[in-house]
Amino acid sequence: MAASTDSKRRLVATLIVLLLVLQAITWGWRSYRRAQSVPQQQDAAILQKKIAASHAYDNALLRANALLDQQDTTAARRLLDSLGQQPTENLFQIELQKLRTARRRLNSL
């Protein structure tokens with residue numbers, strides 16, 4: 001009877017150890033997945049900021065072009081000068097190209 005009790009205790013201890021190992025593996029996997037998702041979330045936030053900055057810049061360029069259409073060169077010049085002073089590292093290339101085009105158009109008037 002003593003051997004049977006010892007073997008049951010060993011079996012229970014083995015099962016407990018296996019459950020603890022599985023729990024540790026699950027915890028490690030979840031930690032790994034969280035660590036992998038943080039850079040993706042940061043990249044998404046950076047891209048959204050870039051899109052928002054680009055959208056605001058594009059709206060200002062549209063306003064400058066509308067001012068040029070109305071022959072209001074003074075207001076257009078002020079707006080384009082202020083846009084030129086803004087940081088451009090968060091903008092897409094197309095906005096910079098539109099700024100150069102609007103400046104050329106202003107200089108041709």
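Rules behind the numbers
- Residues numbered from 1 in each chain as written.
- Predicted model: local features only at pLDDT ≥ 70, side-chain atom pairs only at ≥ 80, totals over all residues.
- Heavy atoms only, no water.
- Helix = DSSP H or I, 4+ residues; strand = E, 2+ residues; numbered from the N terminus.
- Rg over C-alpha atoms; globule rule 2.2 N^0.38 Å.
- Buried < 20%, exposed > 50% of the residue type's maximum accessible area, 1.4 Å probe, protein only.
- Contact = heavy atoms within 4.5 Å.
- Patch = residues over 30% accessible without salt bridge, like charges linked within 9 Å, V, L, I, M, F, W, Y side chains within 5 Å.
- Areas by Shrake-Rupley, 256 points an atom, 1.4 Å probe, with all protein chains shown as cover.
- Salt bridge = Lys/Arg side-chain N within 4 Å of Asp/Glu carboxyl O.
- Expected span 1.5 Å × (residues − 1).
- Arc of directions from axis to C-beta.

So, on to the overall build of the chain. The secondary structure content of the chain amounts to three helices and zero strands. Written out in order from the N terminus, the α and β elements of the chain read α-α-α. Its C-alpha radius of gyration of 32 Å places the chain more than 25% over the 13 Å reference for a compact globule of 109 residues. Structurally, the chain occupies a C-alpha span of about 105 × 15 × 15 Å along its principal axes. The 109 residues of the chain split such that 17% are buried. In the chain, once contacts between residues fewer than 6 apart in sequence are set aside, the share between residues at least 24 apart is 65%.

On the surface, V17, L19, V21, L22 and I25 cluster together to form a nonpolar patch covering roughly 480 Å² of accessible area. By the element assignment, V21 lies in helix α1 (residues 2-69). Given the relative accessible area of 41%, V21 is considered partly exposed.

What follows is about the side chain of S54. Relative to the elements of secondary structure, S54 occurs in helix α1. Beyond its immediate chain neighbours, meaning those up to four positions away, S54 contacts L91, F92 and E95.

Compared with an ideal rise of 1.5 Å per residue, which puts 16 residues at 22 Å, helix α3 (residues 93-108) spans 23 Å between its outermost C-alpha atoms and is within 8% of the ideal. Here α3 has its buried residues at E95, L96, L99, A102 and L106. The buried side chains of α3 occupy one side of the element, clustering within an arc of 120 degrees when seen end-on. Away from its buried face by more than 90 degrees, α3 exposes Q93, R104 and S108.

For the rest of this paragraph, the subject is the environment of R105. Mapped onto the elements, R105 comes out in helix α3. The class of R105 is partly exposed, set by a relative accessible area of 29%. Along the sequence, R105 and L68 sit 37 residues apart, while their C-alpha atoms lie 8.0 Å from each other.

Tracing the sequence through the fold places S31 in helix α1. For S31 and V17, which are 14 residues apart along the polypeptide, the C-alpha to C-alpha distance reads 21 Å.

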